[in-house]
Amino acid sequence: MAPFESREQRSNGGSFSCVNIAFFNTGSLYRVEHSTSFRPPQYGLASVECGRSGAFYDGFPEARLVLTPSFDSMLQSCLQMAQAAGKVGTITDTNNAASAAAGGGGGGIRIIVYVCGFNNSCEAACKMYGQMLALSRYPPTFLHLLYSWPGGNLASYVQARHVCESLELEDEFFSFVARLRACPEVSSVDLIGHSQGC
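Residues numbered from 1 in each chain as written. Predicted model: local features only at pLDDT ≥ 70, side-chain atom pairs only at ≥ 80, totals over all residues. Heavy atoms only, no water.

> Please set out the overall build of the protein residue by residue, giving values where relevant.
Across its full length, the protein carries 5 helices and 7 strands. N-terminal to C-terminal, the α/β element order of the protein is β-β-β-β-α-α-β-α-β-α-α-β. Within the protein, the fraction of its 198 residues that count as buried is 45%. Within the protein, residue pairs in contact and separated by at least 24 positions form 72% of the contacts whose partners lie at least 6 positions apart. About 9,500 Å² of surface is accessible on the protein, with carbon and sulfur atoms providing 54% of the total. (Helix = DSSP H or I, 4+ residues; strand = E, 2+ residues; numbered from the N terminus. Buried < 20%, exposed > 50% of the residue type's maximum accessible area, 1.4 Å probe, protein only. Contact = heavy atoms within 4.5 Å. Areas by Shrake-Rupley, 256 points an atom, 1.4 Å probe, with all protein chains shown as cover.)

Written out as structure tokens, the structure is:
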């Protein structure tokens with residue numbers, strides 16, 4: 001179970017690692033599509049195996065996506081994994097009104113949200129973000145989330161640009177970040193944007 005690292009000792013010293021990423025998706029889950037229409041939100045966890053050196057670059061990254069029933073269950077799963085790894089103390093309700101009023105509570109967990117760009121499915125963005133994480137070595141007090149929106153494909157570039165500039169996407173994204181900040185275990189939410197995800 002992720003996270004883990006492995007090294008091959010017998011041949012070329014290749015290594016790979018596996019990272020966990022939570023995701024929020026309103027676009028296509030597994031393939032890039034022409035459509036730039038919003039879908040009902042999907043929440044889940046991805047386990048992404050990534051090459052770090054040697055021959056492992058040939059077959060990786062690979063992602064396994066598992067859907068969760070709600071935003072809260074996705075976030076609770078992330079926090080439980082963090083708790084199991086010794087990153088945080090107790091798990092509490094993410095709808096805590098006092099925490100929401102304070103804007104997130106200094107509990108020590110930093111969340112990094114990667115906002116994918118144009119021409120990406122959720123799975124492809126998980127692979128890209130996972131590979132970046134495997135090579136970056138973030139400290140264990142960081143939780144990684146992917147925000148995936150309906151970015152279309154090459155034939156729908158203009159429509160995708162309108163979507164990324166839309167009030168609907170802006171409102172949805174700000175609501176997503178506010179819910180993360182309302183969690184008492186979360187001390188900060190940092191953003192990484194790629195392409196039109198900026």
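Read on, since the account is not over.
> Summarise helix H5 (residues 167–181); cite the residues concerned and give the values.
Given a rise of 1.5 Å per residue, 15 residues ought to cover 21 Å, and the 21 Å separating the end C-alpha atoms of H5 matches this to within 8%. Considered for burial, the residues of H5 that qualify are Leu169, Glu172, Phe173, Phe176, Val177 and Leu180. Along the axis of H5, the buried residues cluster in a sector spanning 130°; they form a single face. Among the exposed residues of H5, those oriented more than 90 degrees off its buried face are Leu167 and Phe174. (Expected span 1.5 Å × (residues − 1). Arc of directions from axis to C-beta.)

> Can you tell me about the environment of Glu123, naming the residues and giving the values?
Residue placement: Glu123 occurs in helix H3 (residues 122–136). Using a relative accessible area of 17% as the deciding quantity, one classes Glu123 as buried. Counting along the chain gives 61 residues from Glu123 to Glu62, while the straight-line C-alpha distance between them is 9.1 Å. Apart from the residues within four sequence positions on either side, Glu123 is in contact with Leu29, Tyr30, Ala63 and Leu65.

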